[in-house]
Amino acid sequence: MGNIYSGRAQSLFGKLWLIWDDSGIREISFDKLPQSADAGASFPPQDDTLADQLLKELLHSSPLKIECFNLVGTPFQRQVWAQLLTIPVGTLTTYQKIAEAVGRPTAVRAVANAIGANPVAWLIPCHRVVRSDGQLGGYRWGVERKRAMLDWEQQKGRVAA
């Protein structure tokens, strides 16, 4: 399996935990320990300097690809997450449009569940997906943070640490 690393890094939207291994980012979490740590898994040693460097490198590599990450998910989830990476910075789409893009136009609820299960939400930009009526919908780290991310992206037109 290889080495697993952890660390805290500063982003424009608050401190976040990163969990990664030699194959890529596995999980991020704002404000609190990632789910893998909460689940009682053996938490790897913390290296905040390396986490900060890794985050900056990721955010300056454009465009991000699903291969930048080492994610555990079903083939359908991975397909949805890869589709999220195609949403341009500063734009929005809907759950319905994502469902159509992955060839499952009637699977809107399944798409929403896959988006909600995104272990690297923000880096894989699920915050760019809104309801068909234009409402923001939910977000793992709060609608206020989602709004801040969207506002910043629309003003700046790019992503940065």
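Notes on the structure in this doc start here.

Thresholds, definitions, all that
- Position numbers for residues start from 1 in each chain and track the written sequence from start to end.
- In keeping with the predicted nature of the model, local features appear solely for residues at pLDDT of at least 70, side-chain atom pairs appear and are counted solely at 80 or more, and the whole-chain, interface and lining totals rest on all residues.
- With hydrogens and water set aside, each side-chain value is computed from the structure's full complement of heavy atoms.
- Numbering of helices and strands starts at the N terminus; helices are DSSP runs of H or I of at least 4 residues and strands are runs of E of at least 2.
- Contacts are assigned to residue pairs that have any heavy atoms within 4.5 Å of one another.
- By convention, a stacked pair of Phe, Tyr or Trp rings (six-membered ring in the case of Trp) has centres within 6.5 Å and planes under 30 degrees apart, an edge-to-face pair has planes over 60 apart, and any other such pair is tilted.
- We count a charge as sitting over a ring when the NZ of a lysine or the CZ of an arginine lies within 6 Å of the ring centre and within 35 degrees of the ring normal.
- Buried residues of nine kinds, namely Ala, Val, Leu, Ile, Met, Phe, Trp, Tyr and Cys, make up a nonpolar core once their side-chain atoms join them within 4.5 Å.
- Exposure is judged per residue with a 1.4 Å probe applied to protein chains only, and the accessible area is read against the type maximum: over 50% gives exposed, under 20% gives buried, and values in between give partly exposed.
- Any two strands are treated as partners once DSSP identifies two or more bridges connecting them.
- Axis lines are fitted to C-alpha atoms, over the contacting stretch for helices. Their N-to-C directions set the angle, which ranges from 0 to 180 degrees.

Here we look at the environment of Leu16
And step 1. By the secondary structure assignment, Leu16 is in strand S2 (residues 14-21).
And step 2. Leave out the neighbours within four places in its chain, and Leu16 touches Gly7, Arg8, Ala9, Ser11, Ile28, Ser29, Phe30 and Trp122.

Description of the packing of aromatic side chains
And step 1. Evaluation of the coordinates by the stated rule reveals 6 aromatic pairs.
And step 2. With centroids separated by 5.7 Å and ring planes inclined at 25 degrees, the aromatic side chains of Tyr5 and Trp20 adopt a geometry described as stacked. Highlighted residues: Tyr5 in strand S1 (residues 4-11) and Trp20 in strand S2, separated in sequence by 15 residues.
And step 3. Taking 5.7 Å as the distance between ring centres and 80 degrees as the angle between the ring planes, the aromatic pair formed by Phe13 and Trp122 counts as edge-to-face. With Phe13 in the loop between S1 and S2 and Trp122 in the loop between helix H5 (108-116) and strand S5 (129-130), the pair connects residues that are 109 residues apart, well separated along the chain.
And step 4. An aromatic cluster is defined as three or more aromatic residues linked by ring pairs; in this entry it consists of Phe13, Phe30, Trp122, Tyr139, Trp141 and Trp152.
And step 5. When the ring centre of Phe76 is taken as origin, the NZ or CZ atom of Arg104, which lies over that ring, is 4.7 Å away.

Some details on the nonpolar core
And step 1. Ranked by size, the top nonpolar core spans 40 residues in total, and within it Phe69, Trp122 and Leu123 carry the most contacts.
And step 2. Put simply, the parts of the chain that give this core at least two residues each are S2, strand S3 (24-30), helix H2 (48-60), helix H3 (75-84), helix H4 (95-101), H5 and helix H6 (143-156).
And step 3. Setting aside residues up to four positions removed in sequence, Phe69 forms contacts with Ser23, Gly24, Ile25, Leu58, Leu64, Leu85, Val120, Leu123 and Ile124.

Quick notes on the environment of Tyr139
And step 1. For Tyr139, the position within the fold is in the loop between S5 and H6.
And step 2. The exposure class of Tyr139 is buried, given its relative accessible area of 12%.
And step 3. Sequence-distant contacts of Tyr139, defined by excluding residues within four places in its chain, comprise Ala121, Trp122, Cys126, His127, Lys146 and Met149.

Focus on the sheet that holds S2
And step 1. Strand order in the open sheet formed by 3 strands is S1-S2-S3, and the pairing between neighbours is antiparallel. This sheet does not close on itself; its edge strands, each paired only once, are S1 and S3. The mean inter-strand angle of the sheet, taken between neighbouring strand axes irrespective of direction, is 25 degrees.
And step 2. Here 6 bridges tie S2 to S3, and the two strands are oriented antiparallel to one another. Bridge assignment links Ile19 to a residue of S3, and that residue is Glu27.
And step 3. Taken strand by strand, H2 contacts S1, S2 and S3, and its axis lies near 70 degrees from that of S1.

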